[in-house]
Structures are given as structure tokens and as C-alpha cells.
Amino acid sequence: MIEVPEGVAAVAWSLGDVPAYVYDLAALDAHAAAVRAATEGVEIHYAVKANPDPEVLHTLAPHVDGLEVASGGEFAHVRSVLPDMPVSVGGPGKTADELALAPSAYRWHVESPAELRRLAGPAEVLLRVNLDVPVSGASLAMGGGATPFGMDPAGVAECLASLASSSVRLRGIHAHLASGLAAPALLALADAVLAYARGLGVAEINLGGGMAVAYDDPDARFDWAAYGAGLRERARPGETLRIEPGRALTAYCGWYLTTVIDVKRVHGERFAVLSGGTHHLRTPVTKGHDQPFAVLGGGSPAEPTTLVGRLCTPKDVFARKVPASLGVGDVVAFAMAGAYAWNISHHDFLMHPKPAFHHLR
Ligand SMILES: *Cc1c(COP(=O)(O)O)cnc(C)c1O
């Protein structure tokens, strides 16, 4: 059962045919404060690609130590929104213009020996390693096998050999091996990364993000208390441990509201056609899940319904054959739309109006 916050419902009641995003900044502030408290002693750099909305960044800023960006575009954006925030820069392919940003980055995440050779410096670098460790159960794997992300230990060794004579300063190791993992699985990965980094004698270790977000269980939360306690137990004096959560910080604060414009039965299946579409909220398509939602209005008996947008493609589906009590004119409030949602979506397809954006404080 999804409870729609009052402020979100207020937007829904006055929603017309143009969909809206609502970011509940008060909820985000409370959630980020809880994450900060649970992970005391560990540095947090928010992974900006999850949601770069300026007001989201301003809300998170007091609760994090820095921001992690993955492009020159994100770098310029966060510099304009939060000029004083330390910024880590990563990403598997960096252009010459991007490499020139290295001197103004707090940390530079080097992804290959060739990138290191192209890096003029000065730069404070972490070498991104892809360890051959099992990442089963992950929703996305960036490590644990052949991927374009980071280097295997042989690549790291090549970098270490060439660092001795350069203006580029080695600070430590970076790893972001998998996403969608619960605390025990992430701590097991941390053990592997810590053992590897300690073997190299570096004191700064970035363990990445990837904390699980369960779209099929909207009330569930990643166990930040267990993860924070586990990291504190593992930390050794003189070491800096850093994490880079994205999705698990901002997913819950976002809502996408859209009106039901048609309900019909076709070859026995009931469809609700919405005024918006997955060109505004692409998350359910990319993740292959049913996006959780609540209906404002309703009152009709719940029936299995497929909720679709109005794009001319059968892929424009938010949820398939889920029980829904809705009719024309009702508003569907999709929950968990605060991460990898608007900013990963193909907005211009079919030239529909863009949603309105509301920020609740
Ligand atoms: C995307 C990304 C993150 C954040 O991952 P989440 O699953 O959103 O927590 C962190 N670090 C790197 C290097 C990333 O690419």
C-alpha cells in the first residue's frame, strides 16, 4: 500500500493533462540525514547521475562530503549549483577537454592505463579496479568479469609502475562493482576491495554505490545501519573509506503524476492509457519492472490493468496486469521516481509536453 504524501496529493488534485514530477525535498532531507547518521565515519559522495536536479543537490549537500560526477557536463553543472563542494570525477571514457578538468577535481578516478598516460595533472587519483569477485544477485554488474569499467589488477599494476615519475598523485583505489545489492553482499564485496587496496598499501578506498532499491517492495529500505556498522568495524586507523550512493539516496523522494485519459479492454486485457509516458519515466522499461503507484480518485473495483503511456510503441508500459482501481480522470502517482527517472528518459520522442516540476519543502 503506497501512501501519497499530502503535498504530492495536492499537486495531483489540480493536475490537468500535463504530467508532473514532484520531488519531496523534506522527505529527501530526512532520509539523507538518516543515511548520514548510519554511516558516520565513512565519507559519502553522492552519485549525481542518479538525479542532478539542482534542488535535490542543495538538499543533499549538508549530508554528504562531496559529489561524484561521470562527465564534463555533470562537472560543470555541479560547479554552478554547488561551487564549493568537493567533486570526484569518474567515467570510462574521458575526452581531452574532460581530462583538462583534473586539476580542479577533488579526486580523479582513472579507468585505464591509457587514460593515466593522457592525464597531465596535477591530479589526485584513485585507480578504478574491477576485481574478479562474484557479484551474483546484482541488478547491474560493473565488475567481477570483463566489462569496460575500470581495470583488472594487471591494469592497476601497469598504472602503479608509471605513476612513480609523474605529477599525478596516487591517493587510493576506487571500486564500483555492482548495483542492487543488500548490505551483507556489499560488505562482502568491501572485504575483497579492502584486502586488495591494503595489499597495495593505499589508505583511501572508495567502495562505490549500488545499494539496493526494491521497486517490488516500496516500503523496504537498504539496511544503512548494518552497512555503516559493518564498514566502521572494517575500517583501520588512518584509512579513509568513501561510498558513492545514487539510487538509494534519491529514488524515494520522486513522484511522477499523470492522468488517466482512456481505459479499454483489448482482446481481454484491460489497459489504462495515461497522459504521460515512459519518455518521462523510463525507469520501468530499463529495469523491466512494474513501477509502484497509487491512484488518486479511484473508487471503482480493482481489476488487473496494464498501465501504459501514449507513445506509439508497445514498450511504453509502466506496469503490467497489476490490480488497479482507476477510471478516466483519475491521477496515477508513480512512486520511487526520484532516481534514474526523468534524466534518463527520451523526452523528445513524440513531442509531448514536458512535465511540470514541483519541489516540496
Ligand atoms: C552509477 C554509479 C554510482 C551510483 O550507483 P547507484 O546504483 O545509483 O548507487 C556510483 N559510482 C559509480 C562509479 C557509478 O557509475
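Described below are features of the structure shown in this document. Computed from a predicted model, the values in this text were never measured in an experiment.

Turning next to the layout of surface pockets. The volume enclosed by the largest pocket comes to roughly 600 Å³. Taken together, 34 residues form the lining of the largest pocket, with Lys 49, Leu 140, Met 142, His 176 and Tyr 340 sitting closest to its centre. Where the lining of the largest pocket is concerned, the elements lending two or more residues are helix H10 (247–250) and helix H11 (283–287). Counting residues per element, the lining of the largest pocket draws most heavily on H11, which supplies three residues. When its residues are assigned to classes, the lining of the largest pocket shows 13 nonpolar, 14 polar and seven charged.

Two quantities define a packed helix pair, namely the angle between the helix axes and the distance between the axes. At a minimum axis distance of 8 Å, the contact between helix H2 (residues 25–38) and helix H9 (residues 224–234) shows a crossing angle of 30°. When the axis of H2 is compared with that of H9, the two are roughly parallel. Here His 31, Val 35 and Ala 38 of H2 lie close against H9, whose contacting residues are Trp 224, Ala 225, Gly 228, Ala 229 and Arg 232. Taken together, the residues of the contact of H2 with H9 break down into five nonpolar, two polar and one charged.

Turning to the packing of aromatic side chains, a few remarks are in order. According to the stated counting rule, one finds 13 aromatic pairs in the structure shown. Geometrically, the ring pair formed by Tyr 21 and Trp 342 is edge-to-face, given 6.1 Å between the ring centres and 65° between the ring planes. Of this pair, Tyr 21 sits in strand S1 (residues 20–24) while Trp 342 sits in the loop between strand S17 (331–334) and strand S18 (356–360), and the two are 321 residues apart along the sequence. With relative accessibility at 0%, the residue Tyr 21 sits in the buried group. Here Trp 342 falls in the buried class, since its relative accessible area comes to 17%. Ring centres 6.4 Å apart and planes at 20° place the aromatic pair Tyr 256 and Phe 334 in the stacked group. In this pair, Tyr 256 is assigned in strand S12 (residues 254–266) and Phe 334 in strand S17, connecting sequence segments 78 residues apart. Note on accessibility: Tyr 256 and Phe 334 belong to one class, buried. Here a set of aromatic residues connected by ring pairs shows up, and it is made of Tyr 21, Tyr 23, Tyr 256, Phe 293, Phe 318, Phe 334, Trp 342 and Phe 357. The side chain of Arg 107 reaches across the aromatic face of Tyr 106, ending 4.1 Å from its centre.

Rules behind the numbers
- Residues numbered from 1 in each chain as written.
- Predicted model: local features only at pLDDT ≥ 70, side-chain atom pairs only at ≥ 80, totals over all residues.
- Heavy atoms only, no water.
- 1 Å grid on protein atoms, 1.4 Å probe; cavity = no way out; pocket = protein on both sides within 12 Å on 5 of 7 lines; lining within 4 Å.
- Points joined across faces, edges and corners; volume = space filled by probe spheres on them.
- Helix = DSSP H or I, 4+ residues; strand = E, 2+ residues; numbered from the N terminus.
- Nonpolar A, V, L, I, M, F, W, Y, C, P; charged D, E, K, R; others polar.
- Axes fitted to C-alpha atoms, helices over the stretch in contact; angles between N-to-C directions.
- Parallel < 35°, antiparallel > 145°, perpendicular 65-115°, else oblique.
- Contact = heavy atoms within 4.5 Å.
- Phe/Tyr/Trp six-rings, centres within 6.5 Å; stacked < 30°, edge-to-face > 60°.
- Buried < 20%, exposed > 50% of the residue type's maximum accessible area, 1.4 Å probe, protein only.
- Lys NZ or Arg CZ within 6 Å of the ring centre and 35° of its normal.

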